[in-house]
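Spelled out from the first residue to the last, the chains are:
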Protein chains: 2
Amino acid sequence: MASIDGTDLDRTHDVAARSCVPGADGHPDFPIQNLPLGLFSVGDGARRAGVAIGDRILDLAAAQAAGLLTGEAARAVAAAESGTLNGLLALGAGPRRALRHQLFDLLRAESPDRDRVSPLLHEAAACTLHLPARIGDYTDFFVGIHHATNTGRLFRPDQPLLPNYKHLPVGYHGRASSIRPSGTPVRRPHGQAKPPHLDAPVFGPSRRLDYELELGVWIGPGNDLGTPVPIAEAAGQVAGFCLLNDWSARDIQGWEYQPLGPFLAKSFATTISPWIVTPEALAPFRIPQAARPAGDPTPLPHLLDPADQAGGALDLDLVIWLSTAASRAAGLPPERIARSNARHMYWTVAQMVAHHTSGGCDLRPGDLLGTGTLSGPEREACGSLLETTEGGKAPIGLATGEERRFLEDGDEVILTARGQREGFAPIGFGPCRAVVLPA
Amino acid sequence: MASIDGTDLDRTHDVAARSCVPGADGHPDFPIQNLPLGLFSVGDGARRAGVAIGDRILDLAAAQAAGLLTGEAARAVAAAESGTLNGLLALGAGPRRALRHQLFDLLRAESPDRDRVSPLLHEAAACTLHLPARIGDYTDFFVGIHHATNTGRLFRPDQPLLPNYKHLPVGYHGRASSIRPSGTPVRRPHGQAKPPHLDAPVFGPSRRLDYELELGVWIGPGNDLGTPVPIAEAAGQVAGFCLLNDWSARDIQGWEYQPLGPFLAKSFATTISPWIVTPEALAPFRIPQAARPAGDPTPLPHLLDPADQAGGALDLDLVIWLSTAASRAAGLPPERIARSNARHMYWTVAQMVAHHTSGGCDLRPGDLLGTGTLSGPEREACGSLLETTEGGKAPIGLATGEERRFLEDGDEVILTARGQREGFAPIGFGPCRAVVLPA
């Protein structure tokens, strides 16, 4: 197999590989080349570690109990016995890769154990998916440069990007408690806002509810307080990726955010896709860091690593879909309202990790990082309605004949991500979706 | 006993009460009227729930095992069996009050069980104190109006307070992972800063390291996502208080904080005092909310409650002490460098809780809120060096002949808090202290 910039590709990336699980081959999200990790339950049962394969979930603890996983892979599954994947994430790349390789062999068409695997599979549609890990801290970055430029322009037409933007990955602490897995409805928040035509603020349901298209990054081993992670080791802290909708109440945000940043405008809900797509699965979709134009400042040494610059960015197709109450009543499918790509990150994930820990802050297994909104340069590639509609001034038209400046009750926002590259099997993240409930 | 504005005082506040534990009567922090809860260990032993009494710690699980605690009080102790107090905090006021009353009876001079209590006491000096609970999320507010005014004036002489300040308790999400108990040294952080005389930022040890004097608030039962806590019920969410030093690297902060707020300037370390001083212990020190001058905007209805306005503020003497390497070498005691009071909160704790949840954000047992820096109106009452030295321009002189613009390596900052009121026993929080290590 090929090797890109030091990232080894191996037999688990073979486009010709086939699975013994019916429907897995050619599955849009979960063919045998993906094998994302998650936490599921059946009925009222306990939360168990699982891996997605096609439309099924393989019960990892059951596979281990059946003697189908050994050595490091068995150790990885045992570390997830507590009902969360924190312990598994903490083990880092070695056991995670071992698990991937054994699962690949177990689930491929030629598997000698395929008859023993079959009873350990659950229909995914009959399972409940949970947050895969207990999230200790959640940090949200701002590395989508087109988003930073678009939103900055609304406030500062002459200087959309602040002076620090190209010198460090700007980020802030988010709220961990209100993160929910895909499918959990989001209630429109009440909050305090001051409309421009009023002298004093008012309290009521947000009138400018928005989505934000982001990737989430799961932290693996973590670091001790006071011990920064060098940039060259930062990628080793990443246990996997998900989609993340950073729901935002723009009217609340505009009134509250000075001088200490966003707070209640964000903390009412954050939705993530529940499957952890591993760095191994994404190896074919790594690309050179290209969002930093020539002539921009060179990152300071603690944020600069040649291998990271050569292969630390991701080529992932990102799409936002909208379904409204009216479109569902009319039997219409969700409508694509924007399409972007993860390559628009001005800073790589390794740079985010190195910066985050550069002052000594400790990351813990199961911590979550958000990238910030990943807009592309065109209007059709904007990752939030704030950008697409220019702050609500230019509504978008929908197939139903409806318009949207901001989200309405009953709207369902669906984020999807997909890696595609010639010579490799396409893989997806599974949806990150939630419907807006009335306040 | 007296009653202040609906807050019942009872026999556990009796100034004449005496303890069977030697040295507890007249103890500056922990007489029998305080009874704060904490988590301690002895040697390599497990973490156990304890209560501070004088210079001793009573092992609560041992007291329960000995049959000395019953009913609701026993249930409170059983909830802390997991090695953190989260489960105890989650039970709320009823079991916490029952535990206080039984402990008071057990530890008073007339206790029929005093001979059975004696073997269950540990010398506090021989114990290690831990973070009392697993902190899910940490939120830092900005309710010290003199601090907000003093720091705002450095940037905006004409408009120190932003327009939102008097309409809502401004706050932001902080970092939970880097919170440590009193006594844990703090390493001076590296970080990126841009000194005014340079064109580009530099990376190195912070040169403007500062403390911030705050109270911490422990959350008790918590609320479900999407279910705000009404202001009239908000005080019931508070399980107790501690001191909190929100260490701040001003040079890092100045460069990073726009537009999303403080991040690495704070997340390298936060120090708290380890004892949870309960609302019951602080009942004698409740006062009417007085930091909001006549003529200021009336809070919106969801932040306004008559009982909270009448008795929701706290009269606590707050002191900052500094010990330097030179002062210790000279055998000098820590020097008092500032003295303030908790009454300078523009918003009450109940208002902070009601605001925090007003959009639906969920609080969980063991979450921690910081008040923000509690400066008084005078220079001698400033809760940070940024304020005292006017951004480093006006150094303070120390008894050693040294000066300080910001903190030096080897400096130890000690925060103390004390409630005092005629007719009641004074109580304290125990110190919140940490020494600065070189970068």
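Each value, and the rule that gives it
Residues numbered from 1 in each chain as written. Chains lettered and ligands numbered in written order. Predicted model: local features only at pLDDT ≥ 70, side-chain atom pairs only at ≥ 80, totals over all residues. Heavy atoms only, no water. Least-squares fit on C-alpha atoms with pLDDT ≥ 70 in both. Contact = heavy atoms within 4.5 Å. UniProt positions renumbered as here; feature names shortened; annotations may be inferred. Helix = DSSP H or I, 4+ residues; strand = E, 2+ residues; numbered from the N terminus. Axes fitted to C-alpha atoms, helices over the stretch in contact; angles between N-to-C directions. Parallel < 35°, antiparallel > 145°, perpendicular 65-115°, else oblique. Nonpolar A, V, L, I, M, F, W, Y, C, P; charged D, E, K, R; others polar. 1 Å grid on protein atoms, 1.4 Å probe; cavity = no way out; pocket = protein on both sides within 12 Å on 5 of 7 lines; lining within 4 Å. pLDDT = per-residue confidence, 0-100.

Visitor: Can you walk me through the relation of the copies chain A and chain B in this structure?
Guide: The operation relating the pair of chain copies consists of a rotation about an axis and a translation along that axis. Under the fitted operation, chain A is carried onto chain B by 0.0 Å of movement along the axis and a turn of 180 degrees, and the coordinates agree to an RMSD of 0.0 Å. Here the symmetry operator amounts to a two-fold rotation axis. Among all C-alpha atoms of chain A, that of A:Gly261 lies closest to the rotation axis, at 2.1 Å. Comparing interface residues between copies, 98% of those in chain A also sit at the interface in chain B, which points to an isologous, same-surface contact.

Visitor: So what exactly am I meant to see when it comes to the UniProt feature "domain: Fumarylacetoacetase N-terminal" (unreviewed entry) in chain A here?
Guide: Sites flagged by UniProt as "domain: Fumarylacetoacetase N-terminal" (unreviewed entry) map to residues 33-132 of chain A. Across residues 33-132 of chain A, the secondary structure splits into 38% helix and 23% strand, with the terminal C-alpha atoms separated by 20 Å.

Visitor: It is not clear to me how the packing of helix H2 (residues 71-78) of chain A against helix H4 (residues 93-107) of chain A should be interpreted in this structure. Could you clarify?
Guide: Working note: a packed helix pair is described by the angle between its axes plus the distance between those axes. All names here are of chain A. Between H2 and H4, the shortest axis-to-axis distance is 7 Å and the interhelical angle comes to 110 degrees. Our classification of the angle between H2 and H4 gives roughly perpendicular. Judged by residue contacts, Glu72, Ala73, Arg75, Ala76 and Val77 of H2 engage Gly94, Pro95, Ala98, Leu99 and Gln102 from H4. Taken together, the residues of the contact of H2 with H4 sort by class into six nonpolar, two polar and two charged.

Visitor: Which parts of the structure should I look at to understand the UniProt feature "binding site: Mg(2+)" (unreviewed entry) in chain A?
Guide: Residue and element names in this part refer to chain A. Per the UniProt record, "binding site: Mg(2+)" (unreviewed entry) is found at Asp246, Lys266 and Thr270. These annotated residues cover 25 residues of sequence, and their C-alpha atoms lie no more than 7.5 Å from one another, placing them together at a single site. Taken from the residues named earlier, the lining of the second largest pocket is made up of Asp246 and Lys266. Along the chain, Lys266 turns up in helix H9 (residues 264-267). Excluding residues within four positions of it along the chain, Lys266 makes contact with Tyr172, Glu212, Asp246, Trp247, Ser248, Arg250 and Gln253.

Visitor: Please clarify how the confidence of the model for chain A should be interpreted in this entry.
Guide: Low pLDDT means the predicted coordinates in that region are not meant to be read closely. Looking at chain A, the pLDDT average stands at 96 and 98% of residues meet or exceed 70. Between residues 1-6 of chain A, whose pLDDT stays under 50, and residues either more than four places distant or in other chains, the model counts 15 contacts.

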